[in-house]
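A structural walkthrough
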Amino acid sequence: MTEDILEIERLTAGYVRGLPILKDVSLKLARESVTVIIGPNGAGKSTLIKAIAGIVRVTSGTIMLRGKDISGILPHEMAKHSIAYVPQSDNVFRTLSIIKNLELVLKNSRESTSQRIEELFSQFPIIREKQKEKAGSLSGGQRQILAVAMALCNRPEIILMDEPSAGLSPKAAQGVLEFARALTREGVSILLVEQNVNQALRLSDYCYILAEGKNQLDGMASELLEDPIVGQIYLGGKRVVET
């Protein structure tokens, strides 16, 4: 049986006190797996990722990491809990070179900066080739690869990814999602918000569907891929849980 590294129970959270976006949402993330969160626009998917990262206020419920409650952590505390967050946009410093982006993330690392950057260059040949170029000059797919490399700098156990394929070509989107899948073979657990439902389900282990800030359906991604009700929920045409 696969061990869960992250467990969320009845989480309520939002940007404004008294106006929750998430309402009693529960979720589990197994070690070395990809779990995807899908649902219609406004379902609370990105809010859930941000609540885990400490960007959005948690008003009730728990976020358990390896059995420890980390509900309400501050964003700068993610690294000490071995969590990294890759936002949908503004996830690299565009005016800085690739190598400067990596050095900035590694500024307070206990590791040798040069050694860790060399390891990342070996893992991501494309950023080695362009290391002196400004991040803003990269293609959308290349910027996402740099953003993931930056997330990996401090060797996190969990990476939270918010719509990494947004705005990318189908080929680039496929490449980014395949890379997320490959990270699990290196011991990383991925929690992914994604609008590219078909590709995400094909590359994920487990899926949660949210609508109106609540759990609607969850199950093995391969099974939900074949379930016609998933399309109805995703398009906002039908809710499984009536309120």
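Residues take numbers from 1 onward in each chain, read along the sequence in its written order. Note on the predicted model: pLDDT of at least 70 is required for a residue's local features to be given, and 80 or more for side-chain atom pairs to be given and counted; whole-chain, interface and lining totals, by contrast, use all residues. Processing note: side-chain calculations cover all non-hydrogen atoms of the structure and skip hydrogens and water entirely.

**Digging into the sheet that holds strand β1 (residues 4-14)**
Definition in use: Here, strands pair whenever DSSP counts at least two bridges between them. Counting from the N terminus, the helices are the DSSP runs of H or I reaching at least four residues and the strands are the DSSP runs of E reaching at least two. Any pair of residues with heavy atoms lying within 4.5 Å of one another is described as a contacting pair. To define axes, lines are fitted to C-alpha atoms, for helices over the stretch in contact only, and angles between the resulting N-to-C directions are given on a 0 to 180 degree scale.
As summarised here, the arrangement of the four strands in space is β2-β1-β4-β5, forming an open sheet in which the pairing is antiparallel. The open sheet is flanked by β2 (22-30) and β5 (68-69), the only strands paired with a single partner. Here β1 runs beside strand β4 (residues 57-65); their pairing, made up of seven bridges, is antiparallel. Bridging across to β4, Thr12 finds its partner in Ser60. Packing against the sheet, helix α1 (residues 45-53) makes contact with β1, β2 and β4, and its axis sits at approximately 110 degrees to β1.

**Some points on helix α3 (residues 113-123)**
Heads up, the rule is: Exposure classes here rest on a 1.4 Å probe applied to the protein chains alone. A residue is buried below 20% of its type maximum, exposed above 50%, and partly exposed in between. Along the arc lie the directions from the helix axis toward the C-beta atoms.
When α3 is considered as a whole, its buried residues turn out to be Arg116, Ile117, Leu120 and Phe121. Across the axial projection of α3, the buried residues extend over an arc of 140 degrees, all falling on one side. Of the surrounding elements, those touching the buried residues of α3 are α2 (98-105), α4 (125-129) and α5 (140-152).

**Section: the pairing of strand β8 (residues 189-193)**
Counted residue by residue, β8 has five buried out of five residues, so it is predominantly covered. The sheet contact formed by strand β3 (residues 34-38) and β8 spans four bridges and is parallel. Paired with Thr35 across the strands is Leu191, a residue of β8. The pairing of strand β7 (residues 158-162) with β8 spans five bridges and is parallel. Each residue of the ladder has a partner; that of Ile158, found in β8, is Ser189.

**A short note on the layout of surface pockets**
We apply this condition: A cavity here means a set of points on a 1 Å grid, drawn over the protein atoms and nothing else, where a 1.4 Å probe fits but cannot get out; a pocket is an open set with protein on both sides within 12 Å along at least five of seven lines, and a residue lines either one if it has an atom within 4 Å of a point. Grid points are joined across faces, edges and corners, and a volume is the space filled by probe spheres set on the points. Classification convention: Asp, Glu, Lys, Arg as charged; Ala, Val, Leu, Ile, Met, Phe, Trp, Tyr, Cys, Pro as nonpolar; all other residues, Gly among them, as polar.
Taken as a whole, the largest pocket holds about 530 Å³ of empty space. In terms of lining residues, the largest pocket is bounded by 21 residues, among which Met78, Tyr85, Val105, Met150 and Ala151 are the most central. Secondary-structure elements contributing two or more residues to the lining of the largest pocket are β6 (83-86) and α5. Residue composition of the lining of the largest pocket, by class: 15 nonpolar, four polar and two charged.

**A word on the pairing of strand β9 (residues 206-211)**
In terms of burial, β9 is a largely internal element, five of the six residues being buried. One ladder, built from four bridges, connects β3 with β9; its direction is parallel. What sits directly across from Val36, in β9, is Cys207. Sheet topology note: the β9/strand β10 (residues 214-220) ladder contains six bridges and is antiparallel. Within β10, the position partnered with Tyr206 by the bridge is Met220.

**Section: empty space enclosed by the protein**
Within the structure shown, the criterion is met by one cavity of 30 Å³ or more. As a volume, the largest cavity reaches approximately 30 Å³. Lining the largest cavity are Val34, Leu177, Ala180, Arg181, Leu192, Ala200, Leu203 and Ser204. Going through the elements one at a time, α6 (170-183) and α7 (197-203) are the ones with two or more residues in the lining of the largest cavity. The element that contributes the greatest number of residues to the lining of the largest cavity is α6, accounting for three residues.

**Points about the packing of aromatic side chains**
So the rule is basically this: Classification of ring pairs rests on two measures: the distance between centres of Phe, Tyr or Trp rings, Trp counted by its six-membered ring, which must be within 6.5 Å, and the angle between planes, read as stacked under 30 degrees, edge-to-face over 60 and tilted in between.
Across all of its chains, the model carries two aromatic pairs by this definition. Look at Phe124 and Phe179: their rings are 4.9 Å apart centre to centre, the planes differ by 55 degrees, and that puts the pair in the tilted class. One end of the pair, Phe124, is in the loop between α3 and α4; the other, Phe179, is in helix α6, and 55 residues separate them in sequence. The residues Phe124 and Phe179 share a single accessibility class, namely buried.

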